[in-house]
Amino acid sequence: MADLGTFFASGLFLAFAAHRALTVWRGADPAQRYVAGFAACIGTAMLFRAPVVVSTLHHMPPLDTAVMLITHELKTTAHALLLLVALSLRPTRADRRPVRRQILLALAVLAAGAALLLAAGVRVENGLATAPVERRMLLAAYNVLFASYGSWCLLVLVRELLGQARQVAAGPLRTGLRLMTLAALTGTVWTLWVLTYIPTNLARGYQLPSEDTVCSVLGVVTAALATGGATATWWAALPEGPLGAPGRWLFAYRTHRDLEPLWSALRTELPQIALDPAADRRPPLRRAEFALYRRVIEIHDGHLALRPYIPVAVPEWAAGATDHCADRRAVLEAASIAAALETRRAGHSPPDARPPGPGPFPMAGTLAAEAAWLLQVTTAFTTSPTVATVRTRARSACGPDRGPA
């Protein structure tokens, strides 16, 4: 289990590093190079810390001890590169002084870590990284240094990623930033896990030189989240291709169903808007996209047919009420439809009715954008207190002589 997880995580990191190096290295933003360097360092370190690799190197002293020292230094370097990524995300990144300071700090930590391991006399024996009894405190001190510096670097990155995500509009880029944030948080837990070795360091002077099962699992999760976040703008485009068809069908089916309350109210009052009166209200999944397209058209046709019945007083009636966490435009649109339906059911168009005018507020010309807008209108139509108030005012304004249209 530990071998499989470690190799999988290492493969993800190394593949990502190779991809970054081949596609964005020359002339790339420094952050891209830092990310590629991080992936290369952590992937290589994990590869040489896989239990099967450690077991193989066990028969080649002193190479096994040298590899252990190098892998520890690679992991610390990976943390330092993440800190440089965080600095590159700041708006003042033109100032190179913070970068230089952090590079000097990273070099100091690398030197201190190597000095502690060497002073502790750590050797790989019988599959364990061991230190003489009188030097076990130095082995524990190294683990504290590694965990402290690594978690600090990662938490600085988390802070910068959260700030960037708040400034970016909803979309693949924000999704990528959030996945990277989760990767950094998981990486923090992974880094702090080394502190669980300290009781064994102090009591017996040894620890496993390879990744244990918990570290392997945390490594896989971190690698998957980091790779997914860094490639979010790529895989976000997959729904537009053949592989994304099932997801599109499911999205269309759910949206078609969620538009039912608004569509049903319009269809009941205006049956002529139905493009296919015999169409199933619950279409097969594979035809859901076409059914959604038809339903959006029918709702727009119904809205246009109701334009002469919308009282000009609707904005005034809606002005006194507020809906928290709702799009004001969607609430006003839903209120206009509700008032027009009440007016038409009364059997007459009021003297101050609006003349026919344009349809709903203009939206981007894609089915997804139109459906998203109409979902907001539908939600307001069924749940908004403002719409309920306007509906009541419209019913009262029509007077008692209500009858069929």
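As a reminder, the structure under discussion sits directly above these lines.
What counts, and at which threshold
Residues numbered from 1 in each chain as written. Predicted model: local features only at pLDDT ≥ 70, side-chain atom pairs only at ≥ 80, totals over all residues. Heavy atoms only, no water. Salt bridge = Lys/Arg side-chain N within 4 Å of Asp/Glu carboxyl O. Buried < 20%, exposed > 50% of the residue type's maximum accessible area, 1.4 Å probe, protein only. 1 Å grid on protein atoms, 1.4 Å probe; cavity = no way out; pocket = protein on both sides within 12 Å on 5 of 7 lines; lining within 4 Å. Points joined across faces, edges and corners; volume = space filled by probe spheres on them. Helix = DSSP H or I, 4+ residues; strand = E, 2+ residues; numbered from the N terminus. Axes fitted to C-alpha atoms, helices over the stretch in contact; angles between N-to-C directions. Parallel < 35°, antiparallel > 145°, perpendicular 65-115°, else oblique. Left-handed = near helix turned anticlockwise from the far one by under 90°. Contact = heavy atoms within 4.5 Å. Nonpolar A, V, L, I, M, F, W, Y, C, P; charged D, E, K, R; others polar.

Undergrad: How should the pattern of salt bridges be read in this particular structure?
TA: Think of it this way: side chains of opposite charge can pair up when their charged atoms draw near. Applying the stated rule across the entire model yields nine salt bridges. Linking aspartate 258 and arginine 257 is a salt bridge whose minimum nitrogen-to-oxygen distance equals 3.4 Å. Overall, aspartate 258 belongs to the partly exposed group, its relative accessible area being 36%. According to the relative accessible area criterion, arginine 257 is partly exposed, its value standing at 35%. The residue arginine 344 makes a salt bridge to glutamate 269 at a minimum N-O spacing of 2.9 Å.

Undergrad: Could you clarify how one ought to interpret empty space enclosed by the protein in this entry?
TA: One simple way to see leftover space: roll a probe sized like a water molecule over the atoms. Applying the stated rule across the entire model yields four cavities of 30 Å³ or more. Approximately 350 Å³ is the volume attributed to the largest cavity. Lining the largest cavity are 31 residues, and of these Phe38, Ile42, His79, Gly187 and Trp190 lie nearest its centre. When contributions to the lining of the largest cavity are tallied by element, the ones reaching two or more residues are helix H1 (2-24), helix H2 (30-48), helix H4 (63-88), helix H6 (136-167), helix H7 (172-192) and helix H9 (213-230). A per-element tally of the lining of the largest cavity places H7 first, with six residues.

Undergrad: Can you walk me through the packing of H7 against H9 in this structure?
TA: Where H7 meets H9, the closest approach of the two axes is 7 Å, and the angle between their N-to-C directions is 160°. Overall, the two elements H7 and H9 adopt an arrangement that is roughly antiparallel. Crossing of H7 against H9: the hand is left-handed. On the side of H7, the interface is formed by Gly176, Leu179, Met180, Leu182, Ala183, Thr186, Gly187, Val189 and Trp190, while H9 contributes Cys215, Leu218, Gly219, Val221, Thr222, Leu225, Ala226, Gly228, Gly229 and Ala230. For the contact of H7 with H9, the class distribution of residues is 12 nonpolar, seven polar and no charged.

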